[in-house]
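Listed here are the chains, written in short residue letters.
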Amino acid sequence: MEGPAARAATIRLPFLTARFEVPGRLAGDGWRLGPVSVPSPGKSVYYVGLGVLAVAELVEWPVAVAIAAGTYVAQHTRGASSALPRPASSGPASGPAKDGRSGV
């Protein structure tokens, strides 16, 4: 397990062996529950609140799903690529020539 706070218990029966683990904290702000990572309490409250709004019909359910999906994608793609354009290189094809003509 990850970290010193993790605890485990094993139960052995004739046809079954079960291992129960109380996980430690993840490096980020979530928890591990077996192979599944559970979001932090703040993110959980956000998604539950969005679900409550959809059930109470204050927000239509397709809109709530789109908001949740957009939030999830935005949180999991930060750092993968930037939406900002890269600065142009200072080569000869980076802009118009000094005499005002294009390089074509």
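Residues numbered from 1 in each chain as written. Predicted model: local features only at pLDDT ≥ 70, side-chain atom pairs only at ≥ 80, totals over all residues. Heavy atoms only, no water.

## Notes on the packing of aromatic side chains
Okay, step 1: A full pass over the atoms with the stated rule returns 1 aromatic pair.
Okay, step 2: On the basis of an interplanar angle of 70 degrees and a centroid distance of 5.4 Å, the ring pair of Tyr-46 and Tyr-47 is categorised as edge-to-face.
Okay, step 3: Of the residues examined, Tyr-46 reaches a relative accessible area of 35% and is grouped as partly exposed. (Phe/Tyr/Trp six-rings, centres within 6.5 Å; stacked < 30°, edge-to-face > 60°. Buried < 20%, exposed > 50% of the residue type's maximum accessible area, 1.4 Å probe, protein only.)

## Focus on helix H1 (residues 41–55)
Okay, step 1: In this model, H1 (15 residues) spans 21 Å end to end at C-alpha, consistent with the 21 Å of a helix rising 1.5 Å per residue.
Okay, step 2: Two residues or fewer past H1, Glu-57 is found with a positive phi of approximately 60 degrees. (Helix = DSSP H or I, 4+ residues; strand = E, 2+ residues; numbered from the N terminus. Expected span 1.5 Å × (residues − 1).)

## Some points on the side chain of Thr-71
Okay, step 1: Within the element layout of this structure, Thr-71 appears in helix H2 (residues 61–76).
Okay, step 2: The exposure class assigned to Thr-71 is buried, which follows from its relative accessible area of 17%.
Okay, step 3: With residues up to four places along the chain from it excluded, the contact list for Thr-71 reads Tyr-46 and Tyr-47. (Contact = heavy atoms within 4.5 Å.)

## Digging into H2
Okay, step 1: Between its first and last C-alpha, H2 extends 22 Å over 16 residues, near the 22 Å set by a 1.5 Å rise per residue.
Okay, step 2: All buried positions along H2 are accounted for by Ala-64, Ala-68 and Thr-71. With its buried residues spanning 65 degrees around the axis, H2 presents them on a single face. (Arc of directions from axis to C-beta.)

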